[in-house]
Amino acid sequence: MPKFAVISGFLGAGKTTVMMALAKHDPTVAMISNDLGEGVELADHRFAKLSGCSADQITDACICFCHDRLIETVEARFQEGRTLVVSDIPGFGVGALEHVYHGLAGKLDFAPFTVLIEPATIKELRAGGDMAHIQDSQLREADLIVLNKCDLLAPEEIAETCASLSECYPKAEVIPVSARRGDGIDDLCRALHEGSASMRHPEIDYDGDPLQSEMGSLSEAYYQYYARVCCFDFDGTAYLRELAQEITVNPVRIPHLKLLAWTPDGDYGKVDWLSGQQLEITRPFARRCTELAVIINATAACEAKLLDAIIARAEQTVSDRFQLEVTVHKRESFGMGE
Ligand SMILES: Nc1nc2c(ncn2[C@@H]2O[C@H](COP(=O)(O)OP(=O)(O)OP(=O)(O)O)[C@@H](O)[C@H]2O)c(=O)[nH]1
Ligand SMILES: [Mg+2]
């Protein structure tokens, strides 16, 4: 029986990278990127498509609340022979176990409810950071906890972290992976194909103050535009890097900033920034550019208006520096608690 799985986890845990690694490792896997922007193309979705993965997107609503669209998208992939479809959920997605797994019981077969965590989040969770409540609630929903970014840990740290996750969340199986290097992806793929969901009802106060106030402190922004250089050509990777630097120089916590751009002939580049970590050139352009389609997606701990203004100002400053003519197609921002 073909199965569907939710891949939950905090911003930047590596959900998109893990889903892409699964889809590349096993052609029977298809992925869905889900986010809230209205009528937008998601950076995650375009990135997966540019990388050659079987990818769909569901926008405008969380899959928790658009079951018909979810079923239609998943079944279209089952009909073309995929046997596992995985989807992330917007932001942090606490509640997807209740809304998606229990809400669609009998309509889809479910693989283990999967939650990703990475070393930086574990540190924050242990220190009781600002978002610790969301992070803990996510893990309590898990049938399968995936410790991602293991390339950043020594073997003894991987063993210690897996043991401590198993102790804190005894109902979940823990699998260490590095989506970047491909380590553990075969184990994860097998666990998803062969395992099934426990359909538990963990005790989580979904409407409680801590969860609501942590979620309410975050905003999202979607920005899409077309940029053309007035003469000669330019370094697209340097453009994305400087844009990210111009945005992140502001004293606002940005859990995840994604900048993706591509040329008409299919060359593409991506830069990511996770707050407190180093800017990452996730993929450099292969050639110099003359024109680019650009998507900026960001989640930040500030008001939506401020996030929007920060991105717009950075885009103008850096586009001027590179002598680019810009046509903006989409500019949307909103608070996660709205
Ligand atoms: N070192 C390392 N970095 C990784 C790994 N997997 C993902 N990353 C990086 O972590 C950052 C976030 O990865 P994403 O896959 O975009 O994370 P996400 O959970 O989909 O993020 P949101 O969509 O914002 O919730 C990117 O810069 C990735 O390149 C990994 O296995 N090792
Ligand atoms: Mg993602």
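How each quantity is defined
- Residues numbered from 1 in each chain as written.
- Chains lettered and ligands numbered in written order.
- Predicted model: local features only at pLDDT ≥ 70, side-chain atom pairs only at ≥ 80, totals over all residues.
- Near = placed C-beta within 6 Å.
- Helix = DSSP H or I, 4+ residues; strand = E, 2+ residues; numbered from the N terminus.
- Nonpolar A, V, L, I, M, F, W, Y, C, P; charged D, E, K, R; others polar.
- Domains from an automatic or database assignment.
- Pairing = 2+ DSSP bridges.
- Axes fitted to C-alpha atoms, helices over the stretch in contact; angles between N-to-C directions.
- Contact = placed C-beta atoms within 7 Å.
- Buried ≥ 20, exposed ≤ 12 C-beta atoms within 10 Å, placed from the backbone.
- Parallel < 35°, antiparallel > 145°, perpendicular 65-115°, else oblique.

Comments concerning the site of ligand 1
- The environment of ligand 1 is made up of 21 residues, and the closest members are Gly 14, Lys 15, Thr 16, Thr 17 and Asp 272.
- Looking at the shell around ligand 1, the elements with two or more residues in it are helix H1 (15-25) and strand E11 (280-283).
- Here the shell around ligand 1 gets 3 residues from one element, more than from any other, and that element is H1.
- In the shell around ligand 1, the residues fall into 5 nonpolar, 9 polar and 7 charged.
- Each of two domains, domain 1 (3-213) and domain 2 (218-335), supplies a minimum of three residues to the shell around ligand 1.

A look at the sheet that holds strand E6 (residues 144-147)
- The strand order across the open sheet formed by 7 strands is E3-E2-E4-E1-E5-E6-E7, and the pairing between neighbours is parallel. At either margin of the open sheet sits one strand with a lone partner, and together these are strand E3 (55-58) and strand E7 (173-176). Across the sheet, the axes of successive neighbouring strands diverge by a mean angle of 25 degrees, strand direction being ignored.
- In this sheet, E7 lies alongside E6 in parallel orientation, the contact comprising 4 bridges.

Looking at the sheet that holds strand E13 (residues 324-335)
- Strand order in the open sheet formed by 6 strands is E11-E10-E9-E12-E8-E13, and the pairing between neighbours is antiparallel. One side of each edge strand has no neighbouring strand; the edge strands of this open sheet are E11 and E13. Across the sheet, the axes of successive neighbouring strands diverge by a mean angle of 15 degrees, strand direction being ignored.
- Sheet strands touched by helix H11 (residues 304-321): strand E8 (219-229), strand E12 (291-300) and E13. Its angle to E13, the strand with the most contacts, is close to 170 degrees.

Overview of the environment of Phe 232
- With respect to the secondary-structure elements, Phe 232 resides in the loop between E8 and helix H10 (236-248).
- Given 8 C-beta atoms within 10 Å, Phe 232 falls into the exposed group.
- When the C-alpha atoms of Phe 232 and Ala 30 are compared, they prove to be 40 Å apart, with 202 residues separating the residues in sequence.

Observations regarding the domain arrangement of the chain
- Each assigned domain of the chain is listed here: domain 1 (3-213) and domain 2 (218-335).
- Spacing between the C-alpha centres of domain 1 and domain 2 amounts to 26 Å.
- Of the residues lining the interface, 14 residues belong to domain 1; the matching set on domain 2 comes to 19 residues.

Focus: the pairing of strand E5 (residues 114-117)
- Alternating positions in E5 separate into two faces, Thr 114 and Leu 116 on one and Val 115 and Ile 117 on the other, with burial throughout.
- Pairing between strand E1 (residues 3-9) and E5: 3 bridges, direction parallel. Counted as the bridge partner of Ser 8 is Val 115 from E5.
- Pairing between E5 and E6: 4 bridges, direction parallel. Bridging across to E6, Ile 117 finds its partner in Leu 147.

Things to note about the packing of H1 against helix H8 (residues 185-194)
- Contact geometry of H1 with H8 gives a least axis separation of 10 Å together with a crossing angle of 85 degrees. The angle between H1 and H8 places the two elements in the roughly perpendicular class. On H8, the residues that touch Ala 21, Leu 22 and His 25 of H1 are Ile 185, Asp 186, Leu 188 and Cys 189.
- Each residue belonging to the contact of H1 with H8 can be placed in one class, and the counts come to 5 nonpolar, 1 polar and 1 charged.

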